[in-house]
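# Structural features, examined
Each chain, written out:
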Amino acid sequence: MNNWVISSSRLEKTYKFANFESAMLFMQQAAVIISALDHHPTWANTYNRIHVSLSTHDAGNTVTEKDWDLARALDALYQKEHHE
């Protein structure tokens, strides 16, 4: 779990990619994982960066195991496709 930070009851990380297209591909691939886990992030893209913010709304907007599970899944996808 590289570079995840807990900030204001959220788990946050920014991924960096070679270019805009690579960032968009990651978001498309991550969407499948996110839907399967039924746990949706707050995320934003600016050119070659994607900032992800995770918290569990049902638990009062705190960080729960659901957030850590999604964080691990996103890191695994990034490692596999983009070699962190």
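This text follows the structure it describes.
Predicted model only: the values in this text are computed from it and were never measured. (Residues numbered from 1 in each chain as written. Predicted model: local features only at pLDDT ≥ 70, side-chain atom pairs only at ≥ 80, totals over all residues. Heavy atoms only, no water.)

### A few points about the overall build of the chain
Counting secondary structure elements, the chain contains 2 helices and 4 strands. The order of helices and strands in the chain, counted from the N terminus, is β-β-α-β-β-α. When its C-alpha atoms are laid out on the principal axes, the chain stretches across 35 × 25 × 20 Å. When burial is assessed residue by residue, the chain has 35% of its 84 residues classed as buried. If you take every contact in the chain between residues at least 6 apart in sequence, the share linking residues at least 24 apart comes to 65%. With 7 positive and 10 negative side-chain charges, the chain shows a separation of 5 Å between the mean positions of the two kinds. (Helix = DSSP H or I, 4+ residues; strand = E, 2+ residues; numbered from the N terminus. Buried < 20%, exposed > 50% of the residue type's maximum accessible area, 1.4 Å probe, protein only. Contact = heavy atoms within 4.5 Å. Lys, Arg positive; Asp, Glu negative; His and termini not counted. Charge placed at Lys NZ, Arg CZ, Asp CG, Glu CD.)

### Overview of the pairing of strand β2 (residues 10-16)
The two faces of β2 differ: Leu11, Lys13 and Tyr15 on one face are buried, but Arg10, Glu12, Thr14 and Lys16 on the other face are not. Bridge count for strand β1 (residues 5-7) against β2 is 3 bridges, and the pairing is antiparallel. In the sheet register, valine 5 faces β2, and the bridge partner there is glutamate 12. The antiparallel pairing of β1 with β2 creates a hairpin that spans 2 residues between the two strands, and serine 8 there sits at a positive phi of about 50°. Relative to strand β4 (residues 49-54), β2 is paired through 6 bridges, and the arrangement is antiparallel. Across the sheet, residue lysine 16 finds its bridge partner in β4, namely arginine 49. (Pairing = 2+ DSSP bridges.)

### Side note on the environment of serine 53
On the secondary structure map, serine 53 appears in strand β4. Accessibility expressed as a relative area gives 7% for serine 53, which makes it buried. Linking serine 53 and aspartate 67, residues 14 residues apart in sequence, is a C-alpha distance of 9.2 Å. Residues within four places of serine 53 in sequence aside, it is in contact with Arg10, Leu11, Glu12, Pro41 and Thr42. A polar side-chain atom of serine 53 sits 3.2 Å from a polar atom in the side chain of arginine 10. (Polar contact = N/O pair within 3.5 Å; in protein donor to acceptor, adjacent residues only side chain to side chain.)

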